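Now for the letters of each chain:
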Amino acid sequence: MSFLDYAPAPESQALLNLRSDYGLFIDGEFVAGRGEPFQTINPATEKQIAMIAHANSADVDTAVAAARRAYAHTWSKLSGSDRGKYLFRIARLVQERARELAVAETLDNGKPIKESRDVDVPLVAAWFFYYAGWADKLDHAGVGPTPSSRGVAAQVIPWNFPLLMLAWKIAPALAAGNTVVIKPAETTSLTALLFAEILQQADLPAGVVNIVTGGRETGQALVGHPDVNLVAFTGSTGAGRAIARSVAGTDKKVILELGGKAANIVFDDAPIDQAIEGIVNGIFFNQGHVCCAGSRLLVQESIHDDVIDRLKARLSTLRLGDPLDKNTDIGAINSAEQLKRIRELTDIGEQEGAERWSPDCVLPDNGFWFKPTIFTNVSTSHRIARDEVFGPVLSVLTFRTPAEAIAKANNTPFGLSAGIWTEKGSRMLAVADKLRAGVIWANTFNRFDPASPFGGYKESGYGREGGRHGLASYLKPAASRAAARTVNAAPAARIAATESDPKTPVSRKKAAK
Amino acid sequence: MTSSPSAMAQLNTGQRALALIGGEATDANLRRYLHGIPGIDAVGLEQRAADLGSRSIKTSSKKWAIDKIISLIDLTTLEGADTPGKVRSLVGKALTPDAGDPTCPRVAAVCVYGDMVPHAVAALGSAHSAGTDAGVNVAAVATAFPSGRASLAIKLADVRDAVLAGADEIDMVIDRGAFLSGRFGQVYDEIVAVKETCRRADGSYAHLKVILETGELNTYDNVRRASWLAILAGGDFIKTSTGKVPVAATLPVTLSMLEVVRDWHRLTGDKVGVKPAGGIRTSKDAIKYIVTVAETVGEEWLTPHLFRFGASSLLNDVLMQRQKMTTGHYSGPDYVTID
């Protein structure tokens, strides 16, 4: 027996108490959807987990109306500290039910249990704790004294971090005093519905958070709904562009977190063993289903061969398989559709002349799987160096000087994140200063913290989530009455006053954001 | 500079070191070489160690790991109050770790002060390995352990004494003062001299473990440089600690040393051993080390020739786990013997 063939260590599913059917969560209750229900499957086995209700536009109307009522009559009337109490309660319930949420997330999404257990769910709790603390301190959010909430937020989230993206959206929205209608991704609705149970446990007033499940048209009905004041979307650049188009000309505030093609830059003086870990974590974390994944490795030519040797050796120790096994490093690809896209792009990579390498590993018979893959001899014009693969695929490029590294890193329509590996602090800062990316990690990668803002440049979107900036997105400057009370109301204050009324159409200031 | 593994393999230790550092082992040459080694990012190293520590080792893997851990232990007593009686008791425990279960493997070695070597050898009798693969080794700490603050002549006499008395392994300490003040040449020369003193009359050598005392070196970069220095000078093993300063073996420190050993193997084809010592008290901790070894340098390092635990209280915790795995229930400290 080989010790490294660790004996199976599956996480128990006994804690899970799933229903066979889930309704929509509207006005504090689970209700049937009017669309055709659809199944959610385990991508590691292709077996059905549960049936999920499908919200049509009438359901979306009901949900938005519930959110509007809750906003007008309950949530906007509560003090910040009372809103904070609800958020703290939700955070604690997430912690209490952490194991259950992690198992459900892994079943529905395909990500390894060690990631849902050690990363996703703890961050979900952290996000609620963090914004709970902000709820009664909105004066310090950076939009001036006594800011007001925006109203009803329409939120659409992706399938790569289902529960975490939900937390990124809901926590700041509620802290700022908004109510929410949120649509989880079609393939990963399960944990959002468990989260709805947590909201019931927490006695959150009815209608403050509504969850509508369904496909693309459900999302379109939601973001296009005339009575929502804010649209927050995380997903592909194509879908984000469509949303931006559909809300153009309305007074809806829009926050978009879109795709990325991050450069992970490794200089020849990098702490090499940690850089290898960072490269692996940058692109193979969550099967590469990460918008800020370090999918382009830019390595200094002088250490290219050494880095590739070490990287290959390290990849050979990654364990691919049952996502519920506690020792699994690489789980399943979330859907057949995504697997197809990864295959297409990697085939194009080979056709374009890049050299493909994957470690020996056995793929399970059922489910959607893709071996961790690296491409060497990649040039900047290759599609695998330009398009977002959103899978466990790394493209390796080289550079000779810091200037070339910066130019290559910025040579992309995206600008979400980047990584720098060097032992020289001054170089780290100088390079970071010139990279056009919203998040730059130095000597680490894919680290998230609720206190740190996150968001992109260029086609990676606009608006920030996390930290004070993420809170400010859900606020607007002081309400008109407060501004009028100021003795010498300056012109700027009058502009702010017009913007603050939810019924007032188009504000010019938004374009400037 | 020679760097291809095949060319490296042709050279003896001394020639190889000279080829790598590009000249005599002077402070300046060694500094240039050691400071040219890639640095360590502490946060990243600790994160990696924590990840390795989160592996879930269950059922058959755990059973295998538990027996493996026992066979890798240097059962240690290093007290001013040590007596021949105490050493005999320790040897008894080394030979029969679990009095109630004859299938329990023996430990790799007993580790004692130099003057206790004759008593350990006598107590082992025919179970003493004495250069063979069977049996239990006797390891002696030497070179003015634990501080190393004595003249080279005294240190070498200490080593000579232990080797003559039948020690199979010498655990020396490096001169941390010299290392920290940049006198790398002195540290190197001392290791070379001690290694030469490990030579027996028949031309064979006692195994040399070089203790870096990582708790005093303070930074991971220092640990990495000291590891390279010890290996360049011909150490068979690099060992973390004496167990006599507040910070002893930690998983990140051991991981960083294993990475050096892995890189040395890539460079030369030679295998150097690693011994974390001090502070490893539970099976749970020891399993984290086993995992770290297997996933960093490979499973073939999990042999007494290449990996050891320096420990005393670890053995009984492992034995209790072993009894639990055999019988299905926990026994308790009254069901394992104290040495």
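Residues numbered from 1 in each chain as written. Chains lettered and ligands numbered in written order. Predicted model: local features only at pLDDT ≥ 70, side-chain atom pairs only at ≥ 80, totals over all residues.

- If you check an unreviewed UniProt entry, chain B appears there as Deoxyribose-phosphate aldolase from Cryobacterium shii.
- A UniProt comment under Pathway (unreviewed entry) is attached to chain B, and it reads "Carbohydrate degradation; 2-deoxy-D-ribose 1-phosphate degradation; D-glyceraldehyde 3-phosphate and acetaldehyde from 2-deoxy-alpha-D-ribose 1-phosphate: step 2/2."
- Recorded in UniProt under Catalytic activity (unreviewed entry), the annotation for chain B is "2-deoxy-D-ribose 5-phosphate = D-glyceraldehyde 3-phosphate + acetaldehyde". (UniProt positions renumbered as here; feature names shortened; annotations may be inferred.)

- An unreviewed UniProt entry lists chain A under the name Aldehyde dehydrogenase family protein, with Cryobacterium shii as the source organism.
- Quoted verbatim from the Sequence similarities (unreviewed entry) field of the UniProt record, the comment on chain A reads "Belongs to the aldehyde dehydrogenase family."

## Some remarks on the sheet that holds strand β4 (residues 38-42) of chain A
- Strands sit in the order β1-β5-β4 (chain A) across an open sheet of three strands; the sheet is mixed. Each edge of the sheet is formed by a strand with only one pairing partner; in this case those strands are β1 (21-22) and β4 of chain A. (Pairing = 2+ DSSP bridges. Helix = DSSP H or I, 4+ residues; strand = E, 2+ residues; numbered from the N terminus.)

## Things to note about the sheet that holds strand β18 (residues 439-442) of chain A
Residues and elements named next belong to chain A.
- The mixed open sheet is built from seven strands, whose spatial order is β14-β15-β16-β13-β12-β17-β18. The open sheet terminates on both sides in strands that have one partner only, identified here as β14 (355-357) and β18. The average angle at which neighbouring strand axes cross in this sheet is 20 degrees, direction not considered.
- As paired elements, strand β12 (residues 263-266) and strand β13 (residues 296-300) share four bridges and run parallel to each other. In the strand pairing of β13, Val-266 is matched with Val-299. (Axes fitted to C-alpha atoms, helices over the stretch in contact; angles between N-to-C directions.)

## A look at helix α12 (residues 220-232) of chain B
Residue and element names in this part refer to chain B.
- The terminal C-alpha atoms of α12 lie 18 Å apart, and with 13 residues this matches the ideal 18 Å at 1.5 Å per residue to within 8%.
- With twelve of 13 residues buried, α12 lies mostly within the body of the structure.
- One or two steps after α12, the chain reaches Gly-234, where phi turns positive at roughly 110 degrees. (Expected span 1.5 Å × (residues − 1). Buried ≥ 20, exposed ≤ 12 C-beta atoms within 10 Å, placed from the backbone.)

## As for the UniProt feature "domain: Aldehyde dehydrogenase" (unreviewed entry) in chain A
- Cross-referencing UniProt, the feature "domain: Aldehyde dehydrogenase" (unreviewed entry) maps to residues 31-476 of chain A in the present numbering.
- Spanning residues 31-476 of chain A, this segment combines 40% helix with 16% strand, and its end C-alpha atoms are found 33 Å apart.

## Some thoughts on the UniProt feature "active site" (unreviewed entry) in chain A
- Under the present numbering, the feature "active site" (unreviewed entry) in UniProt falls on Glu-257 of chain A.
- Setting aside anything within four residues of it in sequence, one finds Glu-257 of chain A in contact with Thr-234, Cys-291, Gly-455, Gly-456, Gly-461 and Glu-465 of chain A. (Contact = placed C-beta atoms within 7 Å.)

## Topic: the interface of chain B and chain A
- With 23 residues of chain B at the contact, the number on the chain A side is 21 residues.
- The set of elements that each furnish at least two residues to the side of chain B that touches chain A consists of α4 (42-53), α5 (59-71) and α14 (283-296) of chain B.
- Top contributing element to the side of chain B that touches chain A by residue count: α5 of chain B, with five residues.
- In terms of residue class, the side of chain B that touches chain A is built from nine nonpolar, seven polar and seven charged. (Nonpolar A, V, L, I, M, F, W, Y, C, P; charged D, E, K, R; others polar.)

## Some words on the pairing of strand β3 (residues 137-141) of chain B
Residues and elements named next belong to chain B.
- Burial analysis of β3 places five of its five residues in the buried class, which makes it a mostly covered element.
- The pairing of strand β2 (residues 109-113) with β3 spans five bridges and is parallel. Within β3, the position partnered with Ala-109 by the bridge is Asn-137.
- Relative to strand β4 (residues 169-173), β3 is paired through three bridges, and the arrangement is parallel. Counterpart to Ala-139 in the pairing with β4 is Glu-169.
- Once the chain exits β3 it traverses helix α8 (residues 152-164) before rejoining the sheet at β4, and the crossover so formed is right-handed. (Right-handed = clockwise from strand over helix to strand, strands pointing away.)

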